[in-house]
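Architecture and fold: a report
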Amino acid sequence: MFDLLEEVTAWAAEGRRFAVASVISTTGSAPRQAGAALAVSAEGEAVGSVSGGCVEGAVYELCMEVIETGVPTRRTFGYSDDDAFAVGLTCGGVIEVLVWPGPGLLRSVRPGEPVALARGLGPSAGAVLVWPDRHEGGMGDDALDAVVVAETRAMLESATTGLRELCGVEVFVESHAPAPRMLVFGAVDFAAALTRAGRLLGYHVTVCDARPVFATRRRFPDAHEVVVDWPHRYLSRVEVDSRTVVAVLTHDAKFDVPLLEVALRTGAGYVGAMGSRRTHEDRTRRLREAGLTEEELSRLRSPIGLDLGARTPEETAVSIVAEVIASRRGAGGLPLSETRGPIHPEIHPEIHPEAVGR
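In short, a report on the structure. Within each chain, residues carry numbers counting from 1 in the order of the written sequence. With pLDDT at 70 or above as the cut-off, local features in this predicted model cover only qualifying residues; side-chain atom pairs require 80 or more to be listed or tallied, and sums for whole chains, interfaces and linings still use all residues. The basis for every side-chain value is the complete set of heavy atoms in the structure, and neither hydrogens nor water enter the calculation.

What follows is about the packing of aromatic side chains. When two rings of Phe, Tyr or Trp (its six-membered ring) have centres within 6.5 Å they constitute a pair, described as stacked for plane angles under 30 degrees, edge-to-face for angles over 60, and tilted for the intermediate range. Under the definition given, this model contains three aromatic pairs. Sitting over the face of the ring of Trp131, Arg134 holds its NZ or CZ atom 4.0 Å from the ring centroid. To sit over a ring, a charge needs its Lys NZ or Arg CZ within 6 Å of the ring centre and within 35 degrees of the ring normal.

What follows covers helix α7 (residues 253-263). Note on classification: 1.4 Å probe, protein chains only; a residue is buried when its accessible area is under 20% of the maximum for its type, exposed when over 50%, partly exposed between these limits. The helix and strand labels rest on DSSP assignments: H or I over at least four residues marks a helix, E over at least two residues marks a strand, and numbering proceeds from the N terminus. Buried within α7 we find Phe255, Asp256, Val257, Leu259, Leu260 and Ala263. Where α7 is buried, its residues touch β11 (181-185), α6 (231-237), β14 (245-248), β15 (270-273), α8 (277-289) and β16 (300-301). When checking whether two residues touch, look at their non-hydrogen atoms; a contact exists if any pair is within 4.5 Å.

The topology assignment puts Thr250 in the loop between β14 and α7. Here Asp256 takes part through its side chain, which lies 2.2 Å from a polar atom of the side chain of Thr250. In protein, a polar contact requires one atom able to donate a hydrogen and another able to accept it; more generally it is a pair of N or O atoms within 3.5 Å, and residues adjacent in sequence count only if both atoms are side-chain atoms.

Now for the side chain of Arg283. Mapped onto the secondary structure, Arg283 falls in helix α8. Using a relative accessible area of 3% as the deciding quantity, one classes Arg283 as buried. Reaching out from Arg283, the side chain makes a polar contact with the side chain of Asp256 at a distance of 2.9 Å. The residues touching Arg283, leaving out its near neighbours within four places in the chain, are His251, Asp256, Val257, Leu260, Ala273, Met274, Gly275 and Ser302.

All axes are obtained by fitting lines to C-alpha atoms, using only the stretch in contact for helices, and the reported angles, taken between N-to-C directions, cover 0 to 180 degrees. Where helix α5 (residues 189-200) contacts helix α10 (residues 313-329), the two axes come as close as 8 Å, and the packing angle between them is 55°. Relative to α10, the element α5 lies oblique. The element α5 and its partner α10 pack so that their crossing is right-handed. Residues Asp189, Phe190, Ala193, Leu194, Arg196 and Ala197 of α5 touch α10, and the partners they reach there are Pro313, Glu314, Thr316, Ala317, Ile320 and Val321. Classification used: nonpolar for Ala, Val, Leu, Ile, Met, Phe, Trp, Tyr, Cys and Pro, charged for Asp, Glu, Lys and Arg, polar for all others including Gly. For the contact of α5 with α10, the class distribution of residues is eight nonpolar, one polar and three charged. Note on terminology: angles under 35 degrees are roughly parallel, angles over 145 are roughly antiparallel, angles of 65 to 115 are roughly perpendicular, and the others are oblique. Take the far helix as your reference; a near helix turned counterclockwise from it by less than a right angle gives a left-handed crossing, and one turned clockwise gives a right-handed crossing.

Below, the discussion takes up the sheet that holds β14. Sheet strands pair by backbone hydrogen bonding; their relative direction is either parallel or antiparallel. For two strands to count as paired, DSSP must find a minimum of two bridges between them. In spatial order, the strands read β13-β12-β11-β14-β15-β16; together these six strands make up an open sheet with parallel pairing. Of all the strands in the sheet, just β13 (225-228) and β16 have a single pairing partner and so form its edges. Relative to strand β12 (residues 204-209), β11 runs parallel, the two being bridged by five bridges. Counted as the bridge partner of Leu183 is Thr206 from β12. Here α7 sits on the sheet in contact with β11, β14, β15 and β16, set at roughly 165° to β14. Contacting β11, β14, β15 and β16, α10 runs over the sheet at an angle of about 150° to β15.

As structure tokens, then:
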């Protein structure tokens, strides 16, 4: 839906009535993915698409009905591959569509900013806009709102769109944000495993190494990008923000020290470096000599990862991404059996999901 933001916010600003149809789930060989949208104004103007043309006419009529009634509608369009062509859905598959009266909340969205819209799919459906640092709107229940905002913000961080069941309420979340970046330095076996884990978590993963014989697409098929360059030079010219993960796996001073000198002075949310404790001590000494402050050095996660007893590259990748998640959430990385209180600290400590609606 956010692909249509310019058009629908203009309609909202003009006071025009409209409805938005969003694909909320797909199965089989459906033509569009969750998040694809068609917006229709009361005057009959349409922008976007939910099916590449297959069921556009039926969804258009649904939008006109919702404009008149103001009541959200959920509809499934499903056809088998055998008879799909005959009825117009040439690709087969099933798409489920939610048609919603034009959300006034969209007036608060600015082009280019990361934001997610959560919409409840029930009798008392509400909507919440969630930014990294604030939210607007609600589901009509304070306890449910706390859970929805926390889950939606987590989905925004990984640029994820999809259905979630939260406290017995089905919620559709649409995220509008570029995927967070994971920059993996060092074209080694551990990097290959970390690349797979990072991609699974929704990161846009780049592998960078100055050695062209190792930094190849063949060795890193799961990376979005493979870059041959000196790590510190590459990092100096790419965009880094609070969602960016920098993982330094080379444990070679000629690469590590100039790279970490740059990385620890960026706004990256996580900077970790592989190596033994002796390597870490030597690296820290060199970084101090290079002029880094104690505050800057305190940002360095080294040796990288949580203590899971990891040995293999795959186990090490799990320990690294576990630390990334714990760091992002402000969690301690302890076994839950050794902690007390709510499992999700972003939810108010006195609110338990099971209590919502009671």
